[in-house]
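Each chain is listed here by its residues.
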Amino acid sequence: MQNKGLIRLFAILFGLVSIYQLSFTFITSKLEKDAEAYAVSQISEAEEDYVAKREALEASYLDSISDNSVLGFTSYEDAKTKELNKGLDLKGGINVTLQISVKDILKGLANNTKNPVFNKALADADEASKSSDNTYLELFFEAFDNSKGDTKLASPDIFANKGLSDDINFQMTDDQVKPVIRRKIDESIVSAFEVLRERIDGFGVTQPNIQREGNSGRILVELPGARDIARAQELLSSTAQLEFWETYPQSNQSLGAFFVSANQRLQEILEPTESGEDELSKPESEIDSLLSDVSQDSLDMAPQTNPLLGKLIPADPGSHAIARALVTDTAEIGGYLRMPEIKRLLPNDVQFTKFLWERPSQDAEVVELYALKSNRDGTPRISGDVVSDAQDTFDQFNKPAVSMTMNTRGAKEWEELTGDAYNNQTGIAIVLDNKVYTAPGVSSGPISGGRSEITGTFTVNETKDIANVLRAGKLPASAEIIQSEVVGPSLGQEAIDSGFMSFVIAMLFVLIWMIFYYGKAGIFADIALVFNILLIFGVLTSLGAVLTLPGIAGIVLTIGMSVDANVLIFERVKEELARGKGKAQAIADGFGNALSSILDANITTGLTAIILFIFGSGPIKGFATTLLIGIVTSLFTAIFVTRLMIEAYTAKKGRRLDFSTSITKNLFSKMNIDFLVKRKIAYVVSGILVAVSIFSLFTNGLNQGVDFIGGRSYQIRFEKAVSPSEIASELNEVFGSGTNVKTFGDANQIKVTTPYKVDEEGIEVDTEIQNKLYTSLQKYLPDGTSFDDFTVGASEKSIGILQSVKVGPTIADDIKKNAFLAILGSLAVVFLYILLRFRKWQFSLGAVVAVFHDVMVVLGIFSLTGSIMPFNMEIDQAFIAAILTVIGYSLNDTVVVFDRIREIVGLKGWKAGENINEALNSTLSRTLNTSLTTLIVLLAIFVFGGESLRGFMFAMIVGVIVGTYSSVFIATPVMFDSLKEKIVPADKA
């Protein structure tokens, strides 16, 4: 080997850099354990809310030492930014995909026009987006073109307005306007991205991740370690639409008369007549549709004496609210007040009144209802865009508040508004995202200077978040959470423990096996393997990549697959020694002859990993990342590091290196199986397996997870074992049919999947579903379990919701499409690579037929056994990752066999397939060795790697077994039968 000194230097430097990068992780881990120990020593479990107090003390401790020098080259604050990033499934936290509403942006660009053609195009685009893969903007343009008639996009009441006058004029055609609108939409999404990034920076989570997903208007946000989940969700989805309104006083007689007449009209609607006239069924149907969020119990059609006044409570005399109500009644009252026939009852002088509820404080039972002075267009007196700065502070009573400063225009408008409020003795409602945060009066005349304050029943964190979103600015459009995953910190710690256990067991087995099979040579392979693991973690850290649980599985799988290169090399060295070559020459030729097979095998696996990285998302990208890094580092350590050590060892006289032990010396050396004779039997067996698989797929189908069908799933743990069928029947009564409950791991843990309100977005829906779960499952929970204890996010808990996943139907369709494209893409790319590499399409055909066979058998087994296996067998993104890995592994094996066939046939000729059998027999030791090692590694992950990986690993185990079989009994025979012309020896060509 040339340039040994350079390679040795590079290996040493590579190792030192990896150790340096990983040192930051060890430093932060030690300091955080010290902080945890300090908090435990200071606060006992006997104290109320001890978990939250310990977390606060830990944060305070770490903050106090953040700038202190550690080992003379870093500090905690510096090390924290350079440590190995842990993903959601290892650290807990929240991962959401936000869909920025392009519809809202279009309406804003068109100044909320009433143009019927424009609004019909929006409605048509809404409908088309449910079944189309095109972007919303393209669907809008298509819908507009189909119904525009003589109307142009550059009409004065659409886009040729004052706000876009610099970009669009009346003379422009639609084709000229469309690029401008595309640019404006993209600018708005970029603006939303920047607003969200500023908010997240102020949230206080270390190592957040925020990125755009192409031109789809989607933004991916990951907040590992976020524990206050509700706070994080509100921060992300809040548009920060700040408004200032003047209120109507309680004494307003017109509003008093309105509530009386509204109550009377509702009595007529809700009380059925004795004759049961059909005309009353229409209002009832309208109420049902308008109040879809209200439970059927609250829409009971039994006679009600005062449906509205009976639920309203007089407001406090000193308040600027019009009335109060129980929190549980707000949805019903709000629905009544939004009914068109009720709104028509408003007297002329208050006909544009806007009714809003106050923002309820935590555990509040009663909230206030405000009547705001509005206009025909529903625009506020002052909008939030006049706020130039906002800070969290404390009011005169030392309670958390938010102080705001306005720009020049805002200061002038604020002075006018406060003057009107002072003269009319009304209040000023400060509204954020359609909730009244406070409504103070003005006691000393107009307020100049543009300074104001938001007060209320806030916590310190809430005022920090309000100030944060106001400083960052409002989102240009609403941001809906179309996909989310929330993992509790306790589940994350369990994932780390189980991942580490599987890692250690797999590592130990491989290390022992290599020594058992290859003797001293195995020790060198083991050293290279340990060095390889160091390099993988070092590269992950230096790249800032995120380590996930599937990522750990990828590293553990790399352990199993990385020995493959050493196995190939050692087997070739053994062959060269058996031919009587000298020690040095045998080692050189062994490494040289194995190189082609090693490169081909790893390139095919790498290609599938790249496709997985492109089409995958979240943890699946983590799996692909570690697999790709592992392939590169494995090649380096096997080809160069192992060789450096072996050549250094054998350079000294008298040292013997046999590449085997007394037990394994002649193992598989005299195999002479006629594989091609048995190919017809293999065809029949495989044909039956594929036929049964296809039949089962058409009849039984597959158990698709929420990734592919949309919905919400919850992993819930109880103190004692529960009956999933019993819980399923109870939840189906609450959520309707379609709710599925399965045991997930131990008997005291279940996974609940429901399509209930899957089309509806918002934190309110998530909270509603969790409330229903809590109410329905309360009898299975220990006494005293509160809703907060039950919901995800609580630290160090052993019961309740440990993980929740939500996937909207639109993104589920995208995931399904990407999965299909990933599988097709991997087959196409590998077909082309093998065609280029072997120059015969028959080799590509054999490889693709074998891969198709493997995929169908794995799918068939999942279809046949999905309902009887004691672990999760859902088809989700992780399963697709498993399928692609199986494709890569199967091709890895097939390419090694093809490489040997090409070599031997090229030297010795075709001989009616005799030499193909010789090639298969010569690779049998490597095939079985690698497959056995990989299988043991996969079994270690399957048994110890945690419940969430079990279905994933089962698919891989089946795939490795089937892939090993197909490379010998399917790929090679198909190639043999389709290759009509004989391959002549190289020396006669």
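Treat the numbers as computed from the prediction; the structure is a model and nothing was measured.

A short note on the overall build of the protein chain
Then, number 1: The number of helices and strands found in the protein chain is 31 helices and 23 strands.
Then, number 2: Residue burial in the protein chain is summarised as follows: out of 989 residues, 53% are buried.
Then, number 3: Within the protein chain, contacts between residues at least 6 apart in sequence are counted, and of these 74% link residues at least 24 apart.
Then, number 4: Split by element, the accessible area of the protein chain, about 44,200 Å² in all, is 56% carbon and sulfur.

Comments concerning the packing of helix α27 (residues 841-865) against helix α31 (residues 950-978)
Then, number 1: At their nearest, the axes of α27 and α31 sit 7 Å apart, and the two run at 145° to each other. Crossing handedness for the pair α27 and α31: right-handed.

Focus: the packing of helix α6 (residues 116-129) against helix α7 (residues 136-147)
Then, number 1: Contact pair α6 / α7: the axes reach a minimum separation of 8 Å and the direction vectors enclose 130°. The orientation of α6 relative to α7 falls into the category oblique. Crossing geometry of α6 relative to α7 is assigned as right-handed. Of the residues in α7, those touching α6 at Val117, Phe118, Lys120, Ala121, Leu122, Asp124, Ala125, Asp126, Ala128 and Ser129 are Tyr136, Leu139, Phe140, Ala143, Phe144 and Ser147.
Then, number 2: For the contact of α6 with α7, the class distribution of residues is 11 nonpolar, 2 polar and 3 charged.

A few points about the pattern of salt bridges
Then, number 1: Using the criterion set out here, one finds 32 salt bridges in the structure.
Then, number 2: In this structure, the salt-bridge partner of lysine 80 is glutamate 83, at a minimum N-O distance of 2.9 Å.
Then, number 3: Residue classification places glutamate 83 among the buried positions, given a relative accessible area of 4%.
Then, number 4: The residue aspartate 167 makes a salt bridge to arginine 183 at a minimum N-O spacing of 3.1 Å. Here aspartate 167, found in the loop between α7 and α8 (174-203), pairs with arginine 183, found in helix α8; they are 16 residues apart in sequence, far enough to count as distant.

Some thoughts on the pairing of strand β6 (residues 218-224)
Then, number 1: Burial within β6 is extensive, with 7 of its 7 residues counted as buried.
Then, number 2: Burial along β6 is two-sided: Arg218, Leu220, Glu222 and Pro224 facing one way and Ile219, Val221 and Leu223 facing the other are all buried.
Then, number 3: Judged from the 7 bridges that link them, strand β4 (residues 93-100) and β6 form a sheet pairing that is antiparallel. Across the sheet, residue glycine 93 finds its bridge partner in β6, namely proline 224.
Then, number 4: Relative to β6, strand β5 (residues 209-213) runs antiparallel, the two sharing 5 bridges. Bridge pairing in β6 places asparagine 209 opposite glutamate 222.

So, the environment of leucine 337
Then, number 1: By the element assignment, leucine 337 lies in helix α12 (residues 330-338).
Then, number 2: Overall, leucine 337 belongs to the buried group, its relative accessible area being 7%.
Then, number 3: As a C-alpha pair, leucine 337 and lysine 354 span 17 residues in sequence and 9.6 Å in three-dimensional space.
Then, number 4: The residues contacting leucine 337, other than those within four sequence positions of it, are Phe258, Phe259, Leu308, Ile342, Lys343, Phe355 and Leu369.

Describing the pairing of strand β15 (residues 428-432)
For a regular strand, side chains alternate in direction, first toward one face of the sheet and then toward the other.
Then, number 1: Of all 5 residues making up β15, 5 are buried, and the element is well covered by its neighbours.
Then, number 2: Note: β15 against strand β16 (residues 435-438), 3 bridges, orientation antiparallel. Within β16, the residue paired with isoleucine 430 across the bridge is threonine 438.
Then, number 3: Where β15 folds back on β16, the antiparallel hairpin that results is connected by 2 residues, among which aspartate 433 adopts a positive phi of roughly 55°.

Things to note about the sheet that holds β15
In a beta sheet, neighbouring strands pair by backbone hydrogen bonds and run either parallel or antiparallel.
Then, number 1: Reading across from one edge, β12-β7-β15-β16 is the order of the 4 strands in this open sheet, with antiparallel pairing throughout. Edge positions in the open sheet fall to β12 (382-383) and β16, since each of these has one partner strand only.

A few points about the nonpolar core
Then, number 1: Grouped together as the largest cluster of nonpolar side chains are 126 residues, with contacts concentrated most on Phe570, Ile834 and Phe879.
Then, number 2: Broken down by element, the residue count for this core peaks at 17 residues, all from helix α28 (residues 877-908).
Then, number 3: When residues no more than four places from it in sequence are discounted, the contact partners of isoleucine 834 are Arg839, Phe843, Ser844, Ala847, Leu891 and Val895.
Then, number 4: Of all hydrophobic cores here, the second largest spans 47 residues; its members include Ile94, Ala154, Ala192 and Ala479.

Re a nonpolar patch on the surface
Then, number 1: Together, Leu6, Leu9, Ile12, Leu13, Leu16 and Ile19 make up a nonpolar patch on the protein surface, roughly 590 Å² of accessible area in all.
Then, number 2: Structurally, leucine 9 is set in helix α1 (residues 4-42).
Then, number 3: A relative accessible area of 47% means that leucine 9 is categorised as partly exposed.

A closer look at the sheet that holds strand β8 (residues 312-313)
Then, number 1: In spatial order, the strands read β8-β9-β11-β10; together these 4 strands make up an open sheet with antiparallel pairing. Because the sheet does not close on itself, it has two edges, and the strands there are β8 and β10 (354-357).
Then, number 2: By the bridge criterion, 2 bridges tie β8 to strand β9 (residues 323-326) in an arrangement that is antiparallel. Considered in β9, the bridge of isoleucine 313 is made with arginine 324.
Then, number 3: Packed on one face of the sheet, helix α10 (residues 253-270) meets β8, β10 and β11 (366-372) and runs near 80° to β10.
Then, number 4: On the sheet, α12 packs against β8, β9, β10 and β11 and is oriented at approximately 175° with respect to β10.

Remarks on the side chain of threonine 418
Then, number 1: With respect to the element layout, threonine 418 can be found in helix α14 (residues 408-424).
Then, number 2: When sequence neighbours within four positions are dropped, the list of residues in contact with threonine 418 reads Ile428, Val442, Pro446 and Ile447.

Re the confidence of the model for the protein chain
Caution is warranted with low-pLDDT regions, since their predicted coordinates should not be read in detail.
Then, number 1: Looking at the protein chain, pLDDT values average 79 and 84% of them are 70 or higher.
Then, number 2: Scored below 50 in pLDDT, residues 273-303 shows 33 contacts in the model against residues more than four places distant or in partner chains.
Then, number 3: Of the regions scoring below 50 in pLDDT, residues 982-989 engages in 13 contacts with residues more than four places distant in sequence or in other chains.

Considerations on the environment of leucine 137
Then, number 1: With respect to the element layout, leucine 137 can be found in helix α7.
Then, number 2: Spatially, the C-alpha atoms of leucine 137 and isoleucine 181 are 8.9 Å apart, while their sequence positions differ by 44 residues.
Then, number 3: With near-sequence residues (within four places) excluded, leucine 137 lies in contact with Val102, Leu106, Ile181, Arg182 and Ile185.

Some points on α28
Then, number 1: Under the 1.5 Å per step criterion, the end-to-end length of α28 is 46 Å for 32 residues, consistent within 8% with the ideal 46 Å.
Then, number 2: In terms of burial, α28 is largely enclosed, as 28 of its 32 residues are buried.
Then, number 3: Of the residues trailing α28, glycine 909 is marked for its positive phi of about 95°.

Remarks on unusual backbone geometry
Then, number 1: For leucine 71, which is not glycine, the phi dihedral falls at a positive 55°.
Then, number 2: Counting through the fold element by element, leucine 71 comes out in the loop between β1 (69-70) and β2 (74-75).
Then, number 3: The phi torsion at asparagine 111 lies on the positive side, around 55°, for a residue other than glycine.
Then, number 4: With respect to the element layout, asparagine 111 can be found in the loop between α5 (102-109) and α6.

Considering α27
Then, number 1: End to end, α27 covers 36 Å across 25 residues, agreeing with the expected 36 Å (1.5 Å per residue, within 8%).
Then, number 2: Most of α27 is tucked away: 18 of the 25 residues are buried.

With respect to the packing of aromatic side chains
Then, number 1: In total, this model carries 28 aromatic pairs according to the counting rule given.
Then, number 2: Judged by centre distance (5.4 Å) and plane angle (70°), the rings of phenylalanine 244 and tryptophan 414 are edge-to-face. Placement of the pair is phenylalanine 244 in strand β7 (residues 242-246) and tryptophan 414 in helix α14, with a sequence separation of 170 residues.
Then, number 3: On the basis of relative accessibility, which here comes to 0%, the residue phenylalanine 244 falls in the buried class.
Then, number 4: With relative accessibility at 6%, the residue tryptophan 414 sits in the buried group.

Cut-off values and rules
- Residues numbered from 1 in each chain as written.
- Predicted model: local features only at pLDDT ≥ 70, side-chain atom pairs only at ≥ 80, totals over all residues.
- Heavy atoms only, no water.
- Helix = DSSP H or I, 4+ residues; strand = E, 2+ residues; numbered from the N terminus.
- Buried < 20%, exposed > 50% of the residue type's maximum accessible area, 1.4 Å probe, protein only.
- Contact = heavy atoms within 4.5 Å.
- Areas by Shrake-Rupley, 256 points an atom, 1.4 Å probe, with all protein chains shown as cover.
- Axes fitted to C-alpha atoms, helices over the stretch in contact; angles between N-to-C directions.
- Left-handed = near helix turned anticlockwise from the far one by under 90°.
- Parallel < 35°, antiparallel > 145°, perpendicular 65-115°, else oblique.
- Nonpolar A, V, L, I, M, F, W, Y, C, P; charged D, E, K, R; others polar.
- Salt bridge = Lys/Arg side-chain N within 4 Å of Asp/Glu carboxyl O.
- Pairing = 2+ DSSP bridges.
- Core = buried A, V, L, I, M, F, W, Y, C linked by side-chain atoms within 4.5 Å.
- Patch = residues over 30% accessible without salt bridge, like charges linked within 9 Å, V, L, I, M, F, W, Y side chains within 5 Å.
- pLDDT = per-residue confidence, 0-100.
- Expected span 1.5 Å × (residues − 1).
- Phe/Tyr/Trp six-rings, centres within 6.5 Å; stacked < 30°, edge-to-face > 60°.

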